[in-house]
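Letter by letter, the chains look like this.
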Amino acid sequence: MSSNTTQRSVIWVLLFALIMLLILYSSNSGNEVFHYTALRARFQRPTNLKKWGITESYVPVSGNKTLTTRCHQCVVITSSSHLLGSKLGPEIERAECTIRMNDAPTTSFDADVGNKTTFRVVAHSSIYRVLKRPQEFVNKTPDTVFIFWGPPSKMQKPNGILLRIIQRVSLSFPNMTAYVVSPTRMKQFDDLFRGETGRDREKSHSWLSTGWFTMVIAVELCDRVHVYGMVPPNYCSRRPQPHRMPYHYYEPKGPDECVTYIQNERSRKGNHHRFITEKKVFSSWAQLYNITFSHPSWT
């Protein structure tokens, strides 16, 4: 074999090896958008959440009420199908304060998730689903305090279209107590995400989940927090892979939980929730803010 032929063969082998390395790198780099563990050490921990102060952060939908409720012990009931068949209803009912999210119902599911609802944290995308079912979400538990969050342009007085809808519904139900997260606090939620992950929410094309807002609000309002149904951050990467679980306990034919988490975490185009990254942050808060997780346990 001539020296020229040998050189060309060596060059092709090197090029092939380089291409394979690039493919492997691209594949691995897409597995986790935030590289949370590496980035977190570069940043100073944000201000203690319990020192944020809530007086100016949650604006009453009507009147001049102030959100002053404090609880020694709270439970956060997620919308996860891990709660189905748990028979946790009586245990949840005994909790001092209970916190639910969006349009997760209790009717027909109370044996597993209870019925008591002290707070319900509702995203702008779920407002219509909650308010069009007042018998389930407003009248059924009239002592519930609603906390609505969303883009200030839609939630801010006097022209926010979603705020006006909430106000009209509250006129029909004068006992309804509702607050909207202020624009200042919305910015704090974004700053907190950047401080904990090292990534700007908008630049990383990320949407904060209702779980993010709910966990922060729970830490603010409660001395101790027990979270039911939230899976740990490494759950979907376990081997063998977990069997299929619906994302919501009340939507048995809905999307698979782990598929939803992984697709949102890895996607780089468009805006997506970073569920797995958020759970890593929650894990780092557990000891700091006296948070426990069960069904499944995180320990």
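If you're wondering where the values come from, they're calculated on a predicted model, not measured in any experiment.

Rules behind the numbers
Residues numbered from 1 in each chain as written. Predicted model: local features only at pLDDT ≥ 70, side-chain atom pairs only at ≥ 80, totals over all residues. Heavy atoms only, no water. Disulfide = S-S within 2.5 Å. Helix = DSSP H or I, 4+ residues; strand = E, 2+ residues; numbered from the N terminus. Buried < 20%, exposed > 50% of the residue type's maximum accessible area, 1.4 Å probe, protein only. Phe/Tyr/Trp six-rings, centres within 6.5 Å; stacked < 30°, edge-to-face > 60°. Lys NZ or Arg CZ within 6 Å of the ring centre and 35° of its normal. Pairing = 2+ DSSP bridges. Axes fitted to C-alpha atoms, helices over the stretch in contact; angles between N-to-C directions.

Trainee: How would you explain the state of the cysteines if you had to name every residue and give the values?
Mentor: As used in these notes, a disulfide is a covalent bond between sulfur atoms, one from each of two cysteines. Enumeration according to the criterion identifies three disulfides in this entry. Two residues share a disulfide in this structure: Cys74 and Cys222, whose sulfurs sit 1.9 Å from each other. Across the S-S bond linking Cys74 and Cys222, the dihedral sits near -80 degrees, which makes this disulfide left-handed. On the criterion of sequence distance, the pair formed by Cys74 in strand β2 (residues 71–77) and Cys222 in strand β8 (residues 222–228) is long-range, its members being 148 residues apart. Cys222 matches Cys74 in its accessibility class, with the two residues each being buried. Residue Cys236 pairs covalently with Cys258 via a disulfide, S to S 2.2 Å. Between Cys236 and Cys258, the S-S dihedral sits near -85 degrees, and the bridge is therefore left-handed. Highlighted residues: Cys236 in the loop between β8 and α11 (257–266) and Cys258 in helix α11, separated in sequence by 22 residues. You'll find Cys236 and Cys258 in the same group, each marked buried.

Trainee: I'd like to hear about the packing of aromatic side chains, residue by residue, with values.
Mentor: In this structure the tally under the stated criterion is 15 aromatic pairs. Ring geometry for Trp52 against Phe189: centres 6.0 Å apart, planes inclined by 75 degrees, an arrangement best described as edge-to-face. Within this pair, whereas Trp52 is found in the loop between α2 (36–40) and β1 (58–60), its partner Phe189 is found in helix α9 (residues 183–197), the two being separated by 137 residues in sequence. In this pair, the class of Trp52 matches that of Phe189, namely buried. Three or more aromatic residues joined by ring pairs make a cluster, and in this case those are Phe193, Trp212, Phe282, Trp285 and Tyr289. The ring of Tyr261 carries the charged tip of Lys279 above its face, separated from the ring centre by 4.3 Å.

Trainee: So what's going on with the sheet that holds strand β4 (residues 119–123)? Which residues, and what values?
Mentor: Spatial ordering of the open sheet is given by β1-β6-β5-β4-β3-β2-β8-β10, a layout of eight strands whose pairing is mixed. Strands with a single pairing partner mark the edges of an open sheet, and in this sheet they are β1 and β10 (291–294). When strand polarity is set aside, the average angle formed by the axes of neighbouring strands in this sheet is 25 degrees. Of the strand pairs in this sheet, β8 and β10 are connected by four bridges, and their pairing is parallel. Across the sheet, residue Tyr228 finds its bridge partner in β10, namely Ser294.

Trainee: Report on the pairing of β4, specifying residues and quantitative values.
Mentor: In terms of residue burial, β4 counts as a mostly covered element, since five of its five residues are buried. On β4, burial covers both faces: Phe119, Val121 and Ala123 on one face and Arg120 and Val122 on the other are all buried. Summarising the sheet, strand β3 (residues 97–101) and β4 pair through three bridges and their orientation is parallel. Its bridge partner lying in β4, Met101 is registered against Val121. Relative to strand β5 (residues 145–149), β4 runs parallel, the two sharing five bridges. Bridge pairing links Val121 to Ile147 in β5.

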